[in-house]
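Below, each chain spelled out in residue letters.
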Amino acid sequence: MLRFAVNTSGIPRLTKFYTPLHQSSQTLIQKIFSLISIRPAGLCNFLDAPELEAFLGPKDGSDERWRVVYRNYATLYFVFVVDGAESELGILDLIQVFVEGLDRHFENVCELDLVFHFDEAHHILAEIIQGGLVLETNGDEISNSVKQASKARRNSFASANPLSLGSGAGGPRSGSLQTPLGWLTDRLAGVATR
């Protein structure tokens with residue numbers, strides 16, 4: 001399974017491959033985008049793609065082909081390439097869960113959120129899929145896990161960085177740390193002791 005988000009101009013915004021590629025990822029993304037961008041809006045959101053065998057390799061001796069499952073939201077296409085064993089409707093639901101997870105985290109997600117916060121978008125995807133296997137589809141669990149990780153990352157940064165503003169997480173060193181603004185204010189007021 002591989003998945004990516006691409007904008008309506010064909011520029012990839014988020015990519016994750018769970019299958020080794022036989023050619024460059026950029027060429028594969030351009031090929032898939034050329035397949036889905038010409039389809040009218042009224043057609044279903046999945047298609048067989050025998051053209052992808054050159055990129056991903058043929059399926060294991062069976063008649064199964066690679067399938068492209070995609071969904072268009074505003075300026076983004078969310079695309080999964082799966083084998084015939086996957087349910088197309090299940091993958092469409094998985095795309096919906098991923099977009100809802102992004103929307104919960106970014107509060108009305110847009111393309112720029114994927115560009116400037118790609119690490120958080122990858123974290124949300126990792127909460128849902130690991131190694132090509134679906135782990136979690138409960139939106140509340142995904143949201144809580146991502147919030148906890150974001151809070152831990154902020155607290156870690158605040159406790160490890162003496163230049164961070166605010167008291168941070170209250171780690172072992174935070175009681176003796178002072179913000180740069182506090183230090184300057186004390187110096188200007190003549191309150192600082194040596």
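Note that the structure is predicted; figures quoted are calculated from it, not measured. (Residues numbered from 1 in each chain as written. Predicted model: local features only at pLDDT ≥ 70, side-chain atom pairs only at ≥ 80, totals over all residues. Heavy atoms only, no water.)

**Thoughts on the sheet that holds strand β5 (residues 76–82)**
- Taken in spatial order, the 5 strands of this open sheet run β2-β1-β5-β4-β3, and their pairing is antiparallel. Bordering the open sheet on either side are β2 (12–17) and β3 (46–48), each of which pairs with just one other strand. Neighbouring strand axes in the sheet, compared pairwise and without regard to direction, differ in orientation by 15 degrees on average.
- Taken together, the 7 bridges between strand β4 (residues 67–73) and β5 define a ladder with antiparallel strand orientation. Along β5, the bridge assignment pairs R71 with F78.
- Contacting β1 (2–7), β2, β3, β4 and β5, helix α3 (residues 88–106) crosses the sheet at an angle of about 35 degrees to β4. (Pairing = 2+ DSSP bridges. Helix = DSSP H or I, 4+ residues; strand = E, 2+ residues; numbered from the N terminus. Axes fitted to C-alpha atoms, helices over the stretch in contact; angles between N-to-C directions. Contact = heavy atoms within 4.5 Å.)

**A closer look at a negative patch on the surface**
- A contiguous patch of negative charge, built from D93, E100, D103 and E107, is present on the exposed surface.
- Here E100 shows up in helix α3.
- Here E100 falls in the partly exposed class, since its relative accessible area comes to 42%. (Patch = residues over 30% accessible without salt bridge, like charges linked within 9 Å, V, L, I, M, F, W, Y side chains within 5 Å. Areas by Shrake-Rupley, 256 points an atom, 1.4 Å probe, with all protein chains shown as cover. Salt bridge = Lys/Arg side-chain N within 4 Å of Asp/Glu carboxyl O. Lys, Arg positive; Asp, Glu negative; His and termini not counted. Charge placed at Lys NZ, Arg CZ, Asp CG, Glu CD. Buried < 20%, exposed > 50% of the residue type's maximum accessible area, 1.4 Å probe, protein only.)

**Some words on the packing of aromatic side chains**
- Throughout the structure, instances matching the rule amount to 4 aromatic pairs.
- Within the aromatic cluster, the residues linked to one another by ring pairs are F33, Y70 and Y77. (Phe/Tyr/Trp six-rings, centres within 6.5 Å; stacked < 30°, edge-to-face > 60°.)

**As for the layout of surface pockets**
- The space that makes up the largest pocket amounts to roughly 180 Å³.
- Lining the largest pocket, in full, are Y73, A74, T75, L76, F78, V99, E100, D103, N108, V109, C110 and E111.
- Secondary-structure elements contributing two or more residues to the lining of the largest pocket are β5 and α3.
- Top contributing element to the lining of the largest pocket by residue count: α3, with 3 residues.
- Looking at the lining of the largest pocket residue by residue, the classes come out as 7 nonpolar, 2 polar and 3 charged. (1 Å grid on protein atoms, 1.4 Å probe; cavity = no way out; pocket = protein on both sides within 12 Å on 5 of 7 lines; lining within 4 Å. Points joined across faces, edges and corners; volume = space filled by probe spheres on them. Nonpolar A, V, L, I, M, F, W, Y, C, P; charged D, E, K, R; others polar.)

**A look at the confidence of the model for the protein**
- Per-residue confidence for the protein gives a mean pLDDT of 82; residues scoring 70 or more make up 85%.
- Mean pLDDT values over the elements of the protein span from 75, in helix α7 (residues 180–189), up to 93, in α3.
- Scored below 50 in pLDDT, residues 167–174 shows 6 contacts in the model against residues more than four places distant or in partner chains. (pLDDT = per-residue confidence, 0-100.)

**Structural notes on the pairing of β4**
- Pairing between β3 and β4: 3 bridges, direction antiparallel. Within the sheet, the bridge partner assigned to F46 lies in β4 and is V69.
- Between β4 and β5, which pair antiparallel one after the other, the connecting turn spans 2 residues, and A74 there sits at a positive phi close to 50 degrees.

**Quick look at α3**
- Compared with an ideal rise of 1.5 Å per residue, which puts 19 residues at 27 Å, α3 spans 27 Å between its outermost C-alpha atoms and is within 8% of the ideal.
- Among the residues of α3, those classed as buried are E88, I91, L92, L94, I95, V97, F98, V99, G101, L102 and F106.
- Positive phi shows up at E107, right after α3, with a value of about 55 degrees. (Expected span 1.5 Å × (residues − 1).)

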